[in-house]
Number of protein chains: 2
Amino acid sequence: MNTDQIGGFLHEKGVKPSFQRIKVYEYLMNNKEHPTVENIYRDLIKEIPTLSKTTVYNSLNTFIEKGVVQAISIDGNEMRYDLYERRHGHFKCEVCGRIYDFLPPKEAYEELEALEGFLITDRQIYLKGVCKNCR
Amino acid sequence: MNTDQIGGFLHEKGVKPSFQRIKVYEYLMNNKEHPTVENIYRDLIKEIPTLSKTTVYNSLNTFIEKGVVQAISIDGNEMRYDLYERRHGHFKCEVCGRIYDFLPPKEAYEELEALEGFLITDRQIYLKGVCKNCR
DNA sequence: TTCTTGAGTTGTAATCATTACAAGATTGGC
DNA sequence: GCCAATCTTGTAATGATTACAACTCAAGAA
């Protein structure tokens, strides 16, 4: 997706595609390592010297509201962000700190659909442990 | 469980059962609504006027290390705490803010056991939405 | 019993992510 | 081109959590 396509996509999703928002979204597209606000800010400010960290927060919160981005609160520290994709879980390695995506088996998610009388809008599956590289 | 029994249990788990720790653990036994540190502190200080909030943090972190308590980071705000029980998920109502326990179907968890080459030490399933009462 | 030592507790100060707020900039519709 | 609504920006405030150092306590040795 190029800039225009991202703009179109955001527009479709009900997000006014400002320059900053497009850049933040693009950043998430190109950086799948679950960046923090700090990560996003430090990198984007090279391109957009006037960027404010508040704008990064605002953009991300707008995205989350409109369902195009998901927030990952796998530990109690900073939030991490990821493009929204249905049905994918996160694994955090307690040694290197890296967060991996994984695709939980279909059954795991389907079983979570049914919760008597509750309306479910978001599902997160978090695993912690030690990753392949760190063992 | 009475005080002595809690003490014995903690000792078994490798936690030296101080007076404060026993009280914090007992609090979690009696308050299953996923209290915050603030909740615990505000209530326990009535019984233990010298209690420090740092002690609550210290106790909880010790418990977590020894695997007798789990931390719930379902949103980006404060941590919430719960006695450790294998295989139970948490649902947060976005309207009333309450956090419910639920028992995910056995399959959901069993499927999560297998993650090629990774050592898994903790699993959390978080759902969000609107609860029965708030719909 | 008294001493000693290590662990636990306490209070304050620091840290750090996030939000609040108000002023300035920008954009889209008329 | 103009206006109102919306975005962006920077700073200040908030609030959860940790760092740290002094103090207390419990248990074992002499």
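A short tour of the structure in this document, coming up. Since the structure is predicted, the reported quantities are computational estimates derived from the model, not experimental observations. Every chain is numbered independently, its residues counted from 1 as its sequence is written. Chains and ligands are labelled sequentially in the order written, the chains with letters from A and the ligands with numbers from 1. A pLDDT threshold of at least 70 governs which residues receive local features in this predicted model, and a stricter bar of 80 or more applies before side-chain atom pairs are shown or counted, although totals over entire chains, interfaces and linings include all residues. Neither water nor hydrogens contribute to the side-chain values; these are computed over all heavy atoms in the structure.

To continue, consider the interface of chain A and chain B. The contact definition used throughout considers only heavy atoms, calling two residues in contact when any of these lie within 4.5 Å. Listed per partner, the contact involves 33 residues of chain A and 33 residues of chain B. Joining two parts hides part of their accessible area as seen by a 1.4 Å probe, and the buried area is that hidden amount summed over both. Both sides together, the interface formed by chain A and chain B hides about 2,900 Å², and carbon and sulfur atoms give 66% of it. Polar contact is defined as a pair of N or O atoms within 3.5 Å, subject to the rule that within protein one atom must be able to donate a hydrogen and the other to accept it, and that residues adjacent in sequence are counted only when both atoms are side-chain atoms. There are 11 residue pairs in polar contact (both at pLDDT 80 or more) connecting chain A and chain B. Secondary structure elements follow DSSP: runs of H or I no shorter than four residues count as helices, runs of E no shorter than two count as strands, and numbering proceeds from the N terminus. At the level of elements, β4 (99-102), α5 (106-113) and β5 (119-130) of chain A are the ones that each hand at least two residues to the side of chain A that touches chain B. With 12 residues, the top contributor of residues to the side of chain A that touches chain B is β5 of chain A.

Turning our eyes to something else, we now look at the packing of helix α2 (residues 19-30) of chain A against helix α3 (residues 37-47) of chain A. All names here are of chain A. All axes are obtained by fitting lines to C-alpha atoms, using only the stretch in contact for helices, and the reported angles, taken between N-to-C directions, cover 0 to 180 degrees. Two elements in contact, α2 and α3, have axes whose closest approach is 11 Å; the angle formed by their N-to-C orientations is 120°. Here α3 runs oblique to α2, going by the angle between their axes. α2 and α3 meet at a crossing whose hand is right-handed. On the side of α2, the interface is formed by K23, V24, Y27 and L28, while α3 contributes N39, I40, D43, L44 and E47. Polar here means any residue other than Ala, Val, Leu, Ile, Met, Phe, Trp, Tyr, Cys and Pro, which are nonpolar, and Asp, Glu, Lys and Arg, which are charged; Gly is therefore polar. Considering only residue class, the contact of α2 with α3 consists of 5 nonpolar, 1 polar and 3 charged. Here the angle decides the label: under 35 degrees means roughly parallel, over 145 means roughly antiparallel, 65 to 115 means roughly perpendicular, and every other value means oblique. Crossings are classed by handedness, with left-handed meaning an anticlockwise turn of the near helix from the far one by less than a right angle and right-handed meaning a clockwise turn.

Here a salt bridge means any side-chain nitrogen of Lys or Arg lying within 4 Å of a carboxyl oxygen belonging to Asp or Glu. In the structure shown here, the tally under the stated rule is 13 salt bridges over all chains. The salt bridge partner of K53 of chain A is E38 of chain A, with a shortest N-O separation of 2.5 Å. One end of the pair, K53 of chain A, is in helix α4 (residues 53-65); the other, E38 of chain A, is in helix α3, with 15 residues separating them in the sequence. When a residue's accessible area, from a 1.4 Å probe over protein chains only, is under 20% of the maximum for its type it is buried; when over 50% it is exposed; and in between it is partly exposed. Here K53 of chain A falls in the partly exposed class, since its relative accessible area comes to 30%. Classification of E38 of chain A by relative accessible area gives partly exposed; the value is 28%. The partner of D43 of chain B in a salt bridge is K46 of chain B, and the shortest N-O contact between them spans 3.3 Å. Taken together, the residues D43 of chain B and K46 of chain B, both in helix α3 (residues 37-47) and 3 residues apart, mark about one turn of the helix.

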